[in-house]
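Spelled out, the chains give:
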Amino acid sequence: MIPLFPADDPFPVCRKCCLDSFGEHAVHCKELPGFKYRHDLVRDVLYDVLKRAGISAKKEAQVNFLSDPLEGRSTLRPVDILVFGWEGGKHACVDLTVVSPLVGLRDHGFVTGQAITKAEAGKVAKHEKACIENQHVFIPFAFDTFGALASDPVQFLKRVQQVVSSNTAHVKGQNFVFSRVGFTIQKGVAAQLVARLPAIGL
């Protein structure tokens, strides 16, 4: 790995955390303007993939039941993507969340992949019950900043890929879905890191 930042310096955006020289915190700091950009970029590309595959969906759809269970209906929010008639005639609420795989790296007992697994479980605990009670399917779309996907988005994208493959005989179309989503995740990470590189005087 290539060192990008001075070790142990506070992060210039949030001023709350010290960086390691490889910029661990810079990849997942929620105070960065690019953090939400990366989430929205992946959401927009995923929606475009669905549209190109001929799958009926709506972005930022108001479903009137997604909320924080601890706060009730005062926190009603739209679903990132609503896929119509996805499973047994039921609409699917696709909710994206992005985490850094390096979260907890310095903690004792760190396990590779734990961050994305925890993020997926957190989304399920927060929203799945409400979706089921309202006759919807819930799909937590958890991914990390290195491009890894949790189990549910993998299964979701495999099905989307099947639809794409059935509509094209072109060889390049066989990996279109995973390639495009993966590239988009890395594009968001690159934009975030480049925007925060320390200035170098010439």
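Residues numbered from 1 in each chain as written. Predicted model: local features only at pLDDT ≥ 70, side-chain atom pairs only at ≥ 80, totals over all residues. Heavy atoms only, no water.

1. So, the overall build of the protein
Using the following cut-off: Helix and strand assignments come from DSSP, with helices taken as H or I runs of at least 4 residues and strands as E runs of at least 2, each series counted from the N terminus. Only protein chains enter the area calculation, which uses a 1.4 Å probe; residues under 20% of their type maximum are buried, those over 50% are exposed, and those in between are partly exposed. We call two residues in contact when some of their heavy atoms are within 4.5 Å. Note on areas: these come from Shrake-Rupley sampling with a 1.4 Å probe, and a residue is covered only by the protein chains present in the view.
Looking only at helices and strands, the protein features 5 helices and 4 strands. Counting from the amino terminus, the protein carries its helices and strands in the arrangement α-α-β-β-β-α-β-α-α. Residues counted as buried form 44% of the 202 residues belonging to the protein. Restricting to contacts in the protein with at least 6 residues of sequence separation, those with at least 24 account for 53%. Of the roughly 11,300 Å² of accessible surface on the protein, a fraction of 57% belongs to carbon and sulfur atoms.

2. A word on the confidence of the model for the protein
Note the following rule: pLDDT is defined as a per-residue confidence score from the predictor, taking values between 0 and 100.
Across the protein, the average pLDDT comes to 79, with 66% of residues at 70 or higher. Helix α1 (residues 24-28) is the least confidently modelled element of the protein, averaging 63 in pLDDT, while strand β2 (residues 79-87) averages 95, the highest of any element.

3. Digging into the sheet that holds strand β3 (residues 90-99)
Pairing between sheet strands relies on hydrogen bonds along the backbone, with the strands arranged either parallel or antiparallel. Inclusion rule: Criterion used throughout: strands pair if DSSP finds at least two bridges between them. To get an axis, a line is fitted to the C-alpha atoms, and for a helix only the part in contact is used. The angle between two axes follows their N-to-C directions and goes from 0 to 180 degrees.
Here we have 4 strands laid out as an open sheet, ordered β1-β2-β3-β4, and mixed in their pairing. Since the sheet does not close on itself, it has two edges, and those belong to β1 (57-61) and β4 (136-144), each with one partner. Between one strand axis and the next, the sheet turns by 30 degrees as a mean value, whatever way the strands run. Alignment of β1 against β2, held across 4 bridges, turns out to be antiparallel. Looking at the pairing, Ala57 lines up with Val83 of β2.

4. So, the packing of aromatic side chains
Quick reminder of the rule: Working definition: a ring pair exists when centres of Phe, Tyr or Trp rings (six-membered ring for Trp) sit within 6.5 Å. Plane angles under 30 degrees give stacked, over 60 give edge-to-face, the rest tilted. Think of it as a cone above the ring: NZ of Lys or CZ of Arg counts as a charge over the ring if it is within 6 Å of the ring centre and within 35 degrees of the ring normal.
Considering all chains together, one arrives at 3 aromatic pairs under this definition. Centre to centre, the rings of Phe141 and Phe143 are 6.3 Å apart; their planes meet at 70 degrees, and the pair counts as edge-to-face. Residue classification places Phe143 among the buried residues on the basis of a relative accessible area of 0%. Both rings, one in Phe141 and one in Phe156, keep their centres 6.4 Å apart while their planes meet at 90 degrees; by these two values the pair is edge-to-face. Here the residue Phe141 occupies a position in strand β4, and Phe156 occupies one in helix α4 (residues 151-167), the gap between them amounting to 15 residues. Residue Phe141 is classed as buried on the basis of its relative accessible area of 0%. Counting every residue linked through ring pairs, the aromatic cluster contains Trp86, Phe141, Phe143 and Phe156. Taking the ring centre of Trp86 as reference, the NZ or CZ of Arg159 above it sits at 3.8 Å.

5. Some words on the side chain of Arg43
For Arg43, the location among the structural elements is in helix α2 (residues 33-52). Other than its neighbours up to four places away in sequence, Arg43 contacts Lys59, Glu60, Asp80, Ile81 and Leu96.

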